[in-house]
Amino acid sequence: MTQTKPAFPAPDHDHSQCAESAIVRAERICGDRGQKFTPIRRRVLQALLAHHRALGAYEIIEELAKSMPRPAPITIYRALDFLMENGLVHRIESRNAFLACAHHGHDAASAVAFLICDACGSVGEIPAALLAKS
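Residues numbered from 1 in each chain as written. Predicted model: local features only at pLDDT ≥ 70, side-chain atom pairs only at ≥ 80, totals over all residues. Heavy atoms only, no water.

**What about the pattern of salt bridges?**
It is possible for side chains bearing opposite charge to pair when their charged atoms get close. A complete count under the given rule lists 4 salt bridges for this structure. Here glutamate 63 ties to lysine 66 by a salt bridge, and the two come within 3.5 Å at their closest N and O atoms. Here glutamate 63 falls in the partly exposed class, since its relative accessible area comes to 25%. Taking relative accessible area as the criterion, lysine 66 reaches 66% and is therefore assigned exposed. (Salt bridge = Lys/Arg side-chain N within 4 Å of Asp/Glu carboxyl O. Buried < 20%, exposed > 50% of the residue type's maximum accessible area, 1.4 Å probe, protein only.)

Structure follows, in structure tokens:
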């Protein structure tokens with residue numbers, strides 16, 4: 001059986017390192033594609049990376065409003081669209097919420113499954129192919 005990355009981060013993982021790694025990855029992807037990783041796109045991704053749970057657009061607005069003027073919803077939705085198109089963020093339709101992509105080994109078109117903890121709201125991400133094999 002092949003070893004896969006755990007769906008949920010370990011309780012003692014270095015969250016700042018995991019978030020910084022995701023930002024570096026986003027910068028690299030945007031640079032490789034000749035796209036701009038604008039300050040608002042960065043801030044939206046950082047807001048999602050600050051949590052291991054899905055956030056709605058208005059929760060992201062509230063998060064950003066703590067450190068900058070409150071952004072308009074359309075600004076957040078445009079940033080989210082860009083981040084989703086580049087495989088950096090997933091939308092969990094059943095919750096109308098967004099999650100920073102935790103698995104860097106798949107492309108934007110790969111199917112993923114989400115494991116959502118009823119107790120704390122944490123979201124784990126696994127390749128859907130693993131479920132199909134079960």
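Picking up after the structure, the text goes on.
**Remarks on the environment of leucine 88**
With respect to the helices and strands, the residue leucine 88 is situated in the loop between helix H4 (73–85) and strand S1 (89–92). The class for leucine 88 is buried, based on a relative accessible area of 3%. Setting aside residues up to four positions removed in sequence, leucine 88 forms contacts with Arg25, Ala26, Ile29, Leu45, Leu83, Leu99, Ala100 and Cys101. (Helix = DSSP H or I, 4+ residues; strand = E, 2+ residues; numbered from the N terminus. Contact = heavy atoms within 4.5 Å.)

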